[in-house]
Amino acid sequence: MSVAVAESVIPVPRPALGRVGTATLLLLPIALVNAVGFLLPVLNLLRMSFNEALSGGGIRETFTLANWVGLAGDSFYLELILNSVVVSLTITALTLVLSYPIALYLHRSSGRWRTFLTVLVISPLLTSAVVRTYGWIALLADQGPITSAIAALGFAPPRLMFNTTGVVIGLVEILMPYMILSLLAGFGRLDPRVEEAAMTLGARPVKTFWRVVLPLTLPGIALGCLLCFVLAVSSFITPKLLGGGRVFLLATEIYDQAIVTLNWPLASTLSILVLVIFGAALAVYARILRAID
Amino acid sequence: MMHQKILSGTLTALTDRDAHLRLDGLTKRYGDTDAVAALNLNVPKGELVALLGPSGCGKTTTLRMIAGLITPSGGRIVVGGSDITRMPVYKRDMGLVFQSYALFPHMTVAKNVAFGLEMRGVPKPEIERRVTEALAMVRLESLAGRKPRELSGGQQQRVALARALVIRPSILLLDEPLSNLDAKLRDEMRNEIRDIQQKLGITAVFVTHDQVEALSMCDKVVVMKGGKLEQVGTPVDVYERPETPFVASFVGRTNRLEGAARGDGTVSVGGATLRVPGRPNGPVEIMMRPHRVRLADVDASPAGEGTNRLDGRLTRVTFVGDLLQYHVDVNGAELIVEAASDHGRFFRAVGTPVTLSWRIEDTMVFRRAA
Ligand SMILES: Nc1ncnc2c1ncn2[C@@H]1O[C@H](COP(=O)(O)OP(=O)(O)OP(=O)(O)O)[C@@H](O)[C@H]1O
Ligand SMILES: [Mg+2]
């Protein structure tokens, strides 16, 4: 009763829309863009994966499980999937190991030096991956500067191109800026005072790193790894150029099936598979985040 | 002559050995300002020393240099006779309670407290026992399983305190460790810190800008101002015999008057003449503690032997619980008199003419630049 009176005496200003209404309104544009630009094509892909491929690039509208069953029974494709995942995980791990010290240093630097370093880290993103890949081809080629240098030192020159090694080297370099930026974004909890506290309590630098710095940077690590893994699985230009047609990965295969063989139903099936892999990666990421907290 | 030299040599050696922690001309320069300027300080073993000073006077900087977290621009830090100025932080065996707590956000309260013991390789069962003990001391037994972000500011502060104390460091550095606690808890923690520090004979430096804290629990008070030492002494020294007006006004409340000393133990203030200890000459400032001043009805009889007297008019009375503060206008200067509150009854109504009186030895006098 008294509440009702109070309410009539002091009118509480209310937004025209409720909290939920406002949120909906704000999210509507991006939701629409996503529906048209992402959801519809994916549904289309899903539908396509149940069509039948005719020779010569023809497609017969039908509803068959042939593509899916064919995939499951073909050891080439199973190996392709496994290979893609393993190579992408390797790339992600190497990118992490190479990026982490840089990100940590960047996190601790300040002022103009920090701005300069940040620009330096981002600058590779300003050139296209194609250009950078050609750069790597020049560097890694059989008579290129790197192999020559190794040969000059008296070692057997390794093959650094047209194999998985080349693909890994190229992609690691291309993905490093993404990893560094993700790490930096996730380093928010790393307070220098907390590291100092560990040291005053008797922790040597290595102990401080394992017990304090690393656990506090796990959110950044998880984010960076998720992003790099997804980018590694879906990249096809670099594997195509640096793999020289000898490295078989999901993304390159999809490209071949869709553009070269014109087998759209199979390409769609593989694409949906990639999405499933991404979904699994996201699930792992969510679990890790929950475990960290 | 020879004999004297040897004797004074022995004396220095003795004081050196007594000083468990010694700062020799410790300096920290940022750009072209000195955050800490040539600080000299001896802290004997087992003593609790307060670093007292206004915000930004270099207390935290000093403490962080002692802990090894900031490299001094000059000077030395000596502990137990050996120079540790360049020793890495983790070897120093000092407990530091950070002004911002700096708890490990990813560890529970118990893990936070256990960290230092784990680093020292203390066996598991003992760690458990000592952590429980430390948490009981700061009244946080029931919160052992929580993460720092699930604690209030004061609770976090107590975890920080437990974490530093549990390792029983040879030197304990406390940076305003009680600033976020309520009055009652603060009193309790003060006693706990003092007890532990004395029981274990820990040498401790306690940073605070609360003069009550400094006076009530410390063996020695170091008053700092602008990165420099202003005065070092026992709590009674700095309170009763401040060497500078800054110390007088920072440690305890003061009334301040300006006057001209005549060199014969008297000072003319406005139209009145006050007597002061000593025989200063020239422009001076005079200070007295509000609670050492008595308030009385105007009385034409001459001032009693050994007292100073000034007439004024009561302008305001403030009730602060156990005290009443009377604001008295004396020829345009506002003086404050504090008296025990008698059930909140005022001495006289505002506007009444009154006489202030205080003893000559309660008059502090400092030379003043003309
Ligand atoms: N990294 C720094 N760079 C430049 N100046 C600094 C730096 N750290 C501290 N100072 C300056 O040094 C002076 C002393 O700082 P400090 O933190 O020691 O003060 P404090 O006595 O602990 O003050 P508070 O009571 O507010 O904590 C301040 O004037 C501060 O601005
Ligand atoms: Mg401070």
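Residues numbered from 1 in each chain as written. Chains lettered and ligands numbered in written order. Predicted model: local features only at pLDDT ≥ 70, side-chain atom pairs only at ≥ 80, totals over all residues. Heavy atoms only, no water.

J.: Give a description of the overall build of chain B that names residues and reports values.
T.: Looking only at helices and strands, chain B features nine helices and 20 strands. If you line up chain B on its principal axes, its C-alpha atoms span 80 × 65 × 40 Å. The long-range fraction of contacts in chain B, counting pairs at least 24 apart against all pairs at least 6 apart in sequence, stands at 63%. Counting every atom, chain B has about 17100 Å² of accessible surface; 52% of that belongs to carbon and sulfur. (Helix = DSSP H or I, 4+ residues; strand = E, 2+ residues; numbered from the N terminus. Contact = heavy atoms within 4.5 Å. Areas by Shrake-Rupley, 256 points an atom, 1.4 Å probe, with all protein chains shown as cover.)

J.: Provide a residue-level description of the environment of Ser268 of chain B, including the pertinent values.
T.: All names here are of chain B. When you line up the elements, Ser268 lands in strand β12 (residues 266–269). Among the residues examined, Ser268 registers a relative accessible area of 22% and is labelled partly exposed. In the structure, Ser268 is positioned 135 residues away from Glu133 in sequence and 61 Å away in space, judged by C-alpha atoms. When residues no more than four places from it in sequence are discounted, the contact partners of Ser268 are Gly259, Ala260, Arg262 and Thr273. (Buried < 20%, exposed > 50% of the residue type's maximum accessible area, 1.4 Å probe, protein only.)

J.: Any details on the packing of helix α4 (residues 75–108) of chain A against helix α10 (residues 205–234) of chain A? Residues and values, ideally.
T.: Residues and elements named next belong to chain A. Across the interface, α4 lies against α10 with an axial gap of 8 Å and an inter-helix angle of 135°. With respect to each other, α4 and α10 are oriented oblique. Every pair of crossing elements has a handedness; the one defined by α4 and α10 is right-handed. Residues Val85, Ser88, Leu89, Ile91, Thr92, Thr95, Leu96, Tyr100, Leu104 and Arg108 of α4 lie in contact with α10, whose contacting residues are Phe209, Val213, Leu214, Thr217, Ile221, Cys225, Cys228, Phe229, Ala232 and Val233. A class-by-class count of the residues in the contact of α4 with α10 yields 15 nonpolar, four polar and one charged. (Axes fitted to C-alpha atoms, helices over the stretch in contact; angles between N-to-C directions. Parallel < 35°, antiparallel > 145°, perpendicular 65-115°, else oblique. Left-handed = near helix turned anticlockwise from the far one by under 90°. Nonpolar A, V, L, I, M, F, W, Y, C, P; charged D, E, K, R; others polar.)

J.: Please set out the coordination of the magnesium ion (ligand 2) residue by residue, giving values where relevant.
T.: Residue and element names in this part refer to chain B. Only Thr60 (OG1) and Gln99 (OE1) from the protein coordinate the magnesium ion (ligand 2), and they sit 1.8 to 2.4 Å from it. Placement of the pair is Thr60 in helix α2 (residues 59–67) and Gln99 in the loop between β6 (94–97) and α3 (109–119), with a sequence separation of 39 residues. On the basis of relative accessible area, Thr60 is assigned to the partly exposed category, the value being 26%. We classify Gln99 as partly exposed; its relative accessible area is 39%. (Donors = N, O, S within 2.8 Å, 3.2 Å for Na, K, Ca; no water.)

J.: Tell me what's going on with the sheet that holds strand β19 (residues 353–359) of chain B, and back it up with residues and numbers.
T.: Residue and element names in this part refer to chain B. Strand order across the open sheet formed by five strands is β15-β19-β16-β17-β18, with antiparallel pairing between neighbours. Two strands lie at the open edges of the sheet, namely β15 (294–297) and β18 (333–340), each paired on one side alone. Across the sheet, the mean angle from the axis of one strand to that of its neighbour is 45°, orientation sign disregarded. The sheet contact formed by strand β16 (residues 307–319) and β19 spans seven bridges and is antiparallel. (Pairing = 2+ DSSP bridges.)

J.: Describe the site of ligand 1, listing the residues and the values that go with them.
T.: Residue and element names in this part refer to chain B. The local shell around ligand 1 consists of Tyr30, Ala35, Ser55, Gly56, Cys57, Gly58, Lys59, Thr60, Thr61, Gln99, Glu176 and His209. One of the side-chain N or O atoms of Thr61 is found 2.5 Å from an oxygen atom in ligand 1. Interatomic distance of 3.3 Å between a side-chain N/O atom of Glu176 and an oxygen atom of ligand 1. Within the complex, the protein chains bury 58% of what would otherwise be the 630 Å² of accessible surface of ligand 1. Of the residues contributing to the shell around ligand 1, the split by class is three nonpolar, seven polar and two charged. (Near = heavy atom within 4 Å. Polar contact = N/O pair within 3.5 Å; in protein donor to acceptor, adjacent residues only side chain to side chain.)

J.: Describe the side chain of Thr200 of chain A, and please don't skip the residues or the numbers.
T.: Structurally, Thr200 of chain A is set in helix α9 (residues 192–200). Taking the relative accessible area as the measure of exposure, Thr200 of chain A reaches 5% and is therefore buried. Looking at Thr200 of chain A, its side chain comes within polar contact range of the main-chain oxygen of Ala197 of chain A, at 2.8 Å. Residues in contact with Thr200 of chain A, not counting those within four places in the same chain, are Leu69, Val89, Met94, Leu96 and Phe98 of chain B.

J.: Help me get a handle on the interface of chain A and chain B, residues and values and all.
T.: Opposite the 19 residues of chain A that make contact, chain B presents 24 residues. The contact between chain A and chain B buries some 2000 Å² in all, and 65% of this surface belongs to carbon and sulfur atoms. In this assembly, chain A and chain B are joined by two salt bridges. Secondary structure elements with two or more residues in the side of chain A that touches chain B: α9 and α10 of chain A. The biggest single contributor to the side of chain A that touches chain B is α9 of chain A, with seven residues. (Buried area = accessible area lost by both parts, 1.4 Å probe. Salt bridge = Lys/Arg side-chain N within 4 Å of Asp/Glu carboxyl O.)

J.: Explain the domain arrangement of chain B to me, and be specific about the residues and the numbers.
T.: When the parts come together, some accessible area is lost, and that loss is often what is quoted as the size of the interface. Residues and elements named next belong to chain B. In terms of domains, chain B is made up of domain 1 (2–93 + 169–249) and domain 2 (253–367). Taken over C-alpha atoms, the centre of domain 1 sits 35 Å from the centre of domain 2. Taken together, the contact between domain 1 and domain 2 spans nine residues of the former and eight residues of the latter. A combined buried area of about 740 Å² lies between domain 1 and domain 2, and 50% of that area is made up of carbon and sulfur atoms. Contact with domain 2 buries area across many residues of domain 1, yet Tyr239, Pro245 and Ala248 alone supply 61% of it, more than any other trio. Where domain 1 packs against domain 2, one counts four residue pairs in polar contact (both at pLDDT 80 or more). For the side of domain 1 that touches domain 2, the secondary-structure elements that each account for two or more residues are α8 (235–240) and α9 (245–250). For the side of domain 1 that touches domain 2, the residue count by class is five nonpolar, two polar and two charged. (Domains from an automatic or database assignment.)

J.: Outline the confidence of the model for chain A, supporting the account with residue identities and numerical values.
T.: Per-residue confidence for chain A gives a mean pLDDT of 89; residues scoring 70 or more make up 95%. Note that pLDDT drops below 50 for residues 1–7 of chain A; the model gives that stretch one contact with residues more than four away or on any other chain. (pLDDT = per-residue confidence, 0-100.)

J.: If you had to explain the packing of aromatic side chains to someone new, which residues and values would you point to?
T.: Within this structure, the stated rule accounts for eleven aromatic pairs over all chains. With centroids separated by 5.0 Å and ring planes inclined at 25°, the aromatic side chains of Phe236 of chain A and Tyr255 of chain A adopt a geometry described as stacked. Of this pair, Phe236 of chain A sits in the loop between α10 and α11 (237–243) while Tyr255 of chain A sits in helix α12 (residues 250–260), and the two are 19 residues apart along the sequence. Looking at Phe236 of chain A, the relative accessible area reads 32%, which means it is partly exposed. For Tyr255 of chain A, a relative accessible area of 32% translates into the label partly exposed. With 5.6 Å between their ring centres and 15° between their planes, Phe246 of chain B and Phe250 of chain B make a pair best called stacked. Taken together, the residues span about one helical turn, with Phe246 of chain B and Phe250 of chain B both in helix α9 at a distance of four residues. Taking the relative accessible area as the measure of exposure, Phe246 of chain B reaches 18% and is therefore buried. A network of ring pairs unites the aromatic residues Tyr100, Phe187, Phe209 and Trp210 of chain A as a single cluster. Between Arg163 of chain B and the ring centre of Phe104 of chain B, over which it is positioned, the NZ or CZ distance is 4.8 Å. In this structure, Arg289 of chain B packs its charged tip against the face of Tyr239 of chain B, placed 4.1 Å from the ring centre. (Phe/Tyr/Trp six-rings, centres within 6.5 Å; stacked < 30°, edge-to-face > 60°. Lys NZ or Arg CZ within 6 Å of the ring centre and 35° of its normal.)

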